[in-house]
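# Structure assessment
As a plain string of letters, each chain reads:
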Amino acid sequence: MPVLKAKGEAEALCAQLNSEGYVDACITADSDAFLFGAKCVVKCIRPNTKEPFECYCISDIEAGLGLKRKHLIAMSLLIGNDHDLNGVQGIGLDTALQFVQNFSEDEILNILHKIGNGDIPQYWGDIKSTEDAVSHSDESMPMVKSSHCSFCGHPGTKRAHFKFSCEYCINDNNEGCLKKPDGFKCNCSLCNKNRKEKEQKKHETWWIKVCSKIALETNFPNDEIVTMYLCENNGTFTATDGPSISWGSPMTEMLVDFLVYHQPWQPSYIRQKMLPMLSTIYLREMATNPVQTLLCGQYEFDSIRRVKIRYGHQSYVVKWKKAASAISGVKYTAPVDSDLHLEEFMEVDEPNDLLDESSNPQIHVDGDCWFLLTDENMKLVHSAFPKKVDHFLQENERRELKRKRTSSLRSEESNGKLESPKSKGVQLSITEFYRSAKVQSQEKSGADLAKDSNCQVDRISKENRRVSSPNLSKSARRRLLFN
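As the structure is a computational prediction, the values presented were derived from the model and not from experiment.

### Overview of the environment of Met-378
Along the polypeptide, Met-378 turns up in helix H13 (residues 378-384). A sequence separation of 64 residues divides Met-378 from Gln-314, and the C-alpha atoms of the two residues are 7.4 Å apart. With sequence-adjacent residues up to four places away left out, Met-378 is seen in contact with Gln-314, Ser-315 and Tyr-316.

Put into structure tokens, the structure is as follows:
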């Protein structure tokens with residue numbers, strides 16, 4: 001891991017590296033990073049949580065508030081910073097924001113120097129040209145007022161608007177003006193001018209108060225603080241050579257020997273903790289230079305086992321197969337201790353909560369083959385082994401289609417076995433209930449009648465055979481036959 005030494009503030013060097021494109025962002029809770037020139041600041045990062053981290057970009061600040069780097073420096077001088085905690089007395093965040101938004105980035109610091117020297121510039125505000133400005137001579141003159149109708153609120157008198165509508169209230173019937181609504185404001189040229197003069201007077205008063213507070217401060221603005229924030233050389237490296245922040249290959253065996261000597265750790269435990277880092281470095285190298293090499297000199301990329309979710313982030317569980325023989329001179333053993341059972345590292349059934357899964361590499365034994373299981377970044381795996389990822393996605397789609405087809409066949413079979421479309425768990429309405437009960441009772445009574453009739457026919461036939469004697473008359477035999 002590259003280490004750089006800063007001349008002063010650490011945030012200053014981080015901001016310089018960020019602004020010059022050496023790093024993607026600065027991880028710091030100090031907002032001074034933007035003042036030093038940072039482009040992207042990550043306030044606090046917690047990798048082991050589902051909560052998103054706070055990330056701020058100077059481009060978003062500029063788009064939303066119109067503030068650039070020198071604007072933020074001016075605000076820090078007004079409200080206080082790490083090197084001047086007090087700032088200007090009586091000026092808060094809202095006042096400072098409104099003040100700096102009136103000037104461009106190139107002139108804001110010069111304006112603060114002028115005000116600090118007692119030269120208070122005239123406030124122009126939103127006025128676009130000198131013709132729109134109100135001169136001091138006009139301010140001393142009283143505002144011109146004209147009479148307005150109390151009924152419609154427009155210029156003129158109520159008596160004049162009683163019979164005929166004014167030019168602002170023209171209607172189809174021409175029966176007079178319309179009554180003004182609540183909160184009505186006249187938009188005639190004279191009223192607009194008077195409102196503009198009042199707003200201009202209000203802003204000028206505010207401007208004079210703010211500038212007076214700034215002028216009361218001694219040694220404002222502090223040039224040392226401004227120079228420190230605008231410095232572009234905060235590291236020990238030269239501008240031509242640049243910082244040496246290239247990533248190197250870790251000396252794993254040296255680190256193992258060091259930790260074994262200084263800590264009561266087993267070499268297998270150390271390698272187990274180092275393996276996720278080594279596999280990530282391996283995938284990065286394969287993405288940039290796809291050369292057929294082995295992870296740690298012993299394991300080759302076999303397949304993707306499944307998708308894993310940990311702390312709300314998805315990753316691939318990659319299966320590394322141990323090669324037949326190591327191709328490098330350094331031997332790496334499987335990350336398992338001699339005093340630990342193999343079952344502790346083997347994969348078991350899926351847990352109920354995938355967020356509780358461990359991120360440590362696991363060992364999977366399939367016959368005579370040994371496999372390592374690691375969690376890897378999905379984009380990184382796709383960049384290093386795109387064919388493997390495509391094959392895994394295709395297999396998932398095939399299994400999903402097969403599962404849907406099987407479930408549809410099972411549902412059709414279950415529907416065919418049901419006697420009625422109504423499920424037994426569904427409660428019937430009163431009409432459906434009595435209708436179904438009536439049908440069932442009719443079917444039952446019909447079956448009982450058929451059974452009784454069959455029994456009666458059998459009994460009658462027996463009686464008929466028993467009483468079929470020529471000694472009885474025809475009418476007696478009929479009565480016996482039909483009960």
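There is more to say, and it comes next.
### Describing the pattern of salt bridges
Scanning the model with the defined rule gives six salt bridges in all. Here Lys-68 and Glu-62 are joined by a salt bridge, their closest N and O atoms 3.6 Å apart. Judged by relative accessible area, which is 33%, Lys-68 ranks as partly exposed. Across the pair Arg-271 and Glu-253 runs a salt bridge whose closest N-O atoms are separated by 3.3 Å. Pair noted here: Arg-271 is in helix H12 (residues 267-288) and Glu-253 is in helix H11 (residues 252-262), with a separation of 18 residues, a long-range link.

### Here we look at the packing of aromatic side chains
Scanning the entire structure with this criterion turns up nine aromatic pairs. Geometrically, the ring pair formed by Phe-301 and Trp-320 is edge-to-face, given 5.4 Å between the ring centres and 80 degrees between the ring planes. Residue Phe-301 is located in strand S4 (residues 299-310), and its partner Trp-320 is located in strand S5 (residues 313-322); the two are separated by 19 residues in the primary sequence. Residue class for Trp-320 comes out buried when judged on its relative accessible area of 0%. When the ring of Tyr-316 is compared with that of Phe-392, the centres are 5.6 Å apart and the planes differ by 80 degrees; the resulting orientation is edge-to-face. With Tyr-316 in strand S5 and Phe-392 in helix H14 (residues 386-417), this residue pair connects regions lying 76 residues apart in the sequence. For Tyr-316, a relative accessible area of 5% corresponds to the buried category. Phe-392 gets classed as buried once you look at its relative accessible area, which sits at 6%. Stacked on the ring of Phe-371, the Lys or Arg Lys-319 has its end atom at 4.5 Å from the ring centre.

### Let's talk about the pairing of S5
Inspection of the sheet shows S4 paired to S5 by 10 bridges, in the antiparallel sense. From the neighbouring strand, Ser-303 faces S5, where its bridge partner is Lys-319. Connecting S4 to the antiparallel partner S5 that follows it, the hairpin turn spans two residues, and Tyr-311 within it adopts a positive phi of roughly 55 degrees.

### Concerning the sheet that holds strand S2 (residues 40-44)
Strand order in this open sheet of three strands is S1-S2-S3, and the pairing throughout is mixed. Both outer strands of the open sheet, strand S1 (26-27) and strand S3 (54-57), are each paired with one neighbouring strand and no more. Direction of pairing for S2 relative to S3: antiparallel, over a ladder of four bridges. Counterpart to Val-41 in the pairing with S3 is Tyr-56.

### As for the environment of Ile-363
Its place among the elements puts Ile-363 in strand S6 (residues 362-366). Judged by relative accessible area, Ile-363 falls into the buried class, the value being 1%. In this structure, the C-alpha to C-alpha distance between Ile-363 and Trp-320, residues 43 residues apart in sequence, is 9.5 Å.

### What to know about the state of the cysteines
Overall, the coordinates contain zero disulfides when judged by the stated rule. Cysteine Cys-57 is unpaired, with the sulfur of Cys-40 as its nearest cysteine sulfur at 3.9 Å. What makes Cys-57 partly exposed here is its relative accessible area of 23%.

### Brief notes about helix H9 (residues 189-215)
Between its terminal C-alpha atoms H9 stretches 38 Å, which fits the 39 Å expected from 27 residues at 1.5 Å a residue. All of the buried residues in H9 are Cys-191, Asn-194, Glu-197, Gln-200, Glu-204, Trp-207, Val-210, Cys-211 and Ile-214.

### Observations regarding the nonpolar core
If you look at the biggest cluster of nonpolar residues, it comprises 36 residues, and the most contacted ones within it are Leu-78, Phe-99, Val-100, Leu-112 and Ile-214. Broken down by secondary-structure element, the contributors of at least two residues to this core are helix H1 (10-19), helix H2 (32-35), helix H4 (69-79), helix H5 (93-100), helix H6 (108-116), H9 and helix H10 (223-230). For this core, the leading source of residues is H4, giving six residues. In contact with Val-100, other than residues within four places in its own chain, are Leu-67, His-71, Ala-74, Met-75, Leu-78 and Ile-108. One finds Val-256, Leu-259, Leu-295 and Ile-363 within the second-largest nonpolar core, a separate group that totals 25 residues.

### Re a nonpolar patch on the surface
Judged by side-chain polarity, Ile-27, Ile-45 and Phe-53 come together as a nonpolar surface patch covering roughly 300 Å² of accessible area. Classification of Phe-53 by relative accessible area gives partly exposed; the value is 45%.

### Some points on unusual backbone geometry
Geometrically, the link from Phe-220 to Pro-221 is a cis peptide bond, its omega value of -5 degrees lying close to zero. Mapped onto the secondary structure, Pro-221 falls in the loop between H9 and H10. Here Asn-219, not a glycine, exhibits a phi torsion of approximately 55 degrees, which is positive. Structurally, Asn-219 is set in the loop between H9 and H10.

### What about H11?
One turn of the α-helix equals 3.6 residues, which is why residues spaced by three or four share an orientation. Here H11 has its buried residues at Thr-252, Val-256 and Leu-259. When H11 is viewed along its axis, its buried side chains cluster within an angular range of 75 degrees and face the same direction. Exposed side chains of H11 directed beyond 90 degrees from the buried face belong to Met-254, Asp-257 and Tyr-261. On its buried face, H11 sits against H12.

Cut-offs applied
- Along each chain, residue indices are assigned from 1 in the same order as the chain's sequence is written.
- Where totals are concerned, whole chains, interfaces and linings use all residues; where local detail is concerned, this predicted model gives features only for residues with pLDDT of at least 70, and gives and counts side-chain atom pairs only at 80 or more.
- Side-chain measures here rest on the full set of heavy atoms in the structure, leaving out hydrogens and waters.
- Runs of H or I in DSSP of at least four residues are treated as helices and runs of E of at least two as strands, each being numbered from the N terminus.
- Only heavy atoms enter the contact rule, under which two residues are in contact if any of them lie within 4.5 Å.
- Any Lys or Arg side-chain nitrogen located within 4 Å of an Asp or Glu carboxyl oxygen qualifies as a salt bridge.
- To sort residues, take the accessible area from a 1.4 Å probe on protein chains only and compare it with the maximum for the residue type: under 20% means buried, over 50% means exposed, and anything in between is partly exposed.
- Between 30 and 60 degrees the pair is tilted, below 30 it is stacked and above 60 it is edge-to-face, where a pair is any two Phe, Tyr or Trp rings, Trp via its six-membered ring, whose centres lie within 6.5 Å.
- Any Lys NZ or Arg CZ that is within 6 Å of a ring centre and within 35 degrees of that ring's normal is treated as a charge sitting over the ring.
- Two strands qualify as a pair provided that DSSP identifies no fewer than 2 bridges between them.
- The term disulfide is used for any two cysteine sulfur atoms that are within 2.5 Å.
- Every helix has an expected span of 1.5 Å times one less than the residues it contains.
- In plain words, nonpolar cores are sets of buried Ala, Val, Leu, Ile, Met, Phe, Trp, Tyr and Cys residues tied together by side-chain atoms within 4.5 Å.
- Nonpolar side chains (Val, Leu, Ile, Met, Phe, Trp, Tyr) within 5 Å and like charges within 9 Å form the patches, drawn only from residues with over 30% relative accessible area and no salt bridge.
- Here the accessible surface of atoms and residues is derived via Shrake-Rupley with a 1.4 Å probe, and residues count as covered only by protein chains that are part of the display.
- In this context, the arc is that of the directions from the helix axis out to the C-beta atoms.

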